[in-house]
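In case you want the letters, here they are:
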Amino acid sequence: VVDVPEQEMDNATFRSDTVLSDVHLHCPNKRHLMVRLNAVGQPVFLSYFKLLWNTEDSSSEKDVRKATTGREHPYGSGDMLCDKDGNNLKKETEPNIEGVEALLDDDGDLEVVRRPRSASDLEAEDLLRDRVYPVILMKGKEDAFEDEEQGGTCSDVVKIEHTMATPLEDVGKQVWRAAFLLADYILFQRDTFRCCSVLELGAGTGITSIIMGTVAKRVYCTDVGEDLLAMCEQNVTLNKHLMEPGRGEVKVKELDWLKDEFCTDPEAPYSWSEEEIADLHDHCTVIMAADVFYDDDLTDALFRTLYRITHNLRNSCTVYIALEKRLNFTLRHMDVTCEAYNHFRNTLNDLENLQDGKMKYTVEPIKLDFCQFLIYERIEQL
């Protein structure tokens, strides 16, 4: 028997190959509960995300502004003053010559009197970014915690199980910002998606499919990996309360972009039946994907899958893609670049310019001025 000292849960430990979604660190006043270990031994956490259904409500607007204002432009100047009409006044830091002369000592050196930092300043700094304190959920305490965390009715809260700080190959088990952005658009355009048949590629934890399930008739929520799909299915079950009666059928299925065919092996978990494949081809009019472009080979495979599926659809289809442009310093370029995003754009251009006499694709950007229904940072890289 080896005596292993108990590890502290207060601080997250990161290795060189660790990837962590900002969503988990930027949720103000949120605790992440560790509820279990998954099949590969990773801690699984449970998070509650409040939906701001009525954005005209003053409290909802306040919540959204609180989540977005002040952190949208972290590198912007904070010393510019504006009057009530938004007109720029002179900067606070504009030097006052007489005041400067008064601060000179006998030798002509400038003496700067600094205000001592108060406890309130330190507290305000801490509020900008919460540290993560995982708490183990004890058996029998679920209901008490749920009442404490939700702060709203069941119809206001999305419950998502996810992991944190995973290796790159397991990033689908985390919640990413572009999934929130796409969820916002779905809620903003409810009538557009009402009663549709939808396919999501690379669904991860399933949060976007779950939101789509609140308005669509049927959603095929797809990804690859039994452990990930089991987590996704658990999240669908946790959020049945959001689905409207007679709608919101979310089916979790395996769809491997590196394979040319659907998995139809009845012995395999999350496989497709022939009836489900036929239903997809006959009725699907919407395909969506969020934050799935981080590896060039997978990007190529996704576009091949996208072409194959759309080629077999009976009806024309709209594909909604949301992503975050991630800046990385590379030794190859000795500069900060967006290589994964650039490859995605080039591949998208190839698809739009495709001339095979069978399919025609057009690409249009969507303005990001629609309402925000989830609390997260809508940064300019989205």
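Now for a description of the structure that goes with this document. (Residues numbered from 1 in each chain as written. Predicted model: local features only at pLDDT ≥ 70, side-chain atom pairs only at ≥ 80, totals over all residues. Heavy atoms only, no water.)

## Some thoughts on the sheet that holds strand β10 (residues 284–290)
If you walk across this open sheet you meet the five strands as β9-β8-β7-β10-β11, and the pairing is parallel. At either end of the open sheet lies a strand with only one pairing partner, and these are β9 (249–254) and β11 (318–322). Looking at each pair of strands side by side, their axes are set apart by 20° on average, direction ignored. Here four bridges tie strand β7 (residues 197–200) to strand β8 (residues 218–223), and the two strands are oriented parallel to one another. Of the residues in β8, the one forming a bridge with serine 197 is arginine 218. Along the sheet, helix α10 (residues 274–283) makes contact with β7, β8, β9 and β10, crossing β10 at roughly 100°. (Pairing = 2+ DSSP bridges. Helix = DSSP H or I, 4+ residues; strand = E, 2+ residues; numbered from the N terminus. Axes fitted to C-alpha atoms, helices over the stretch in contact; angles between N-to-C directions. Contact = heavy atoms within 4.5 Å.)

## Re the side chain of glutamate 324
Tracing the backbone through its elements, the reader meets glutamate 324 in the loop between β11 and β12 (328–330). A relative accessible area of 12% means that glutamate 324 is categorised as buried. Among all residues touching glutamate 324, those that are not within four sequence positions of it are Arg177, Ala178, Asp291, Ile379, Gln381 and Leu382. (Buried < 20%, exposed > 50% of the residue type's maximum accessible area, 1.4 Å probe, protein only.)

## Some points on helix α12 (residues 339–352)
For α12, spanning 14 residues, the distance from its first C-alpha to its last is 20 Å, which sits close to the expected 20 Å at 1.5 Å a residue. Every buried residue of α12 is listed here: Tyr341, Phe344, Thr347, Leu348 and Leu351. Each buried residue of α12 lies within a common arc of 125° when the element is viewed along its axis, so the set occupies one face. The inward-facing, buried residues of α12 abut α11 (296–311) and β11. (Expected span 1.5 Å × (residues − 1). Arc of directions from axis to C-beta.)

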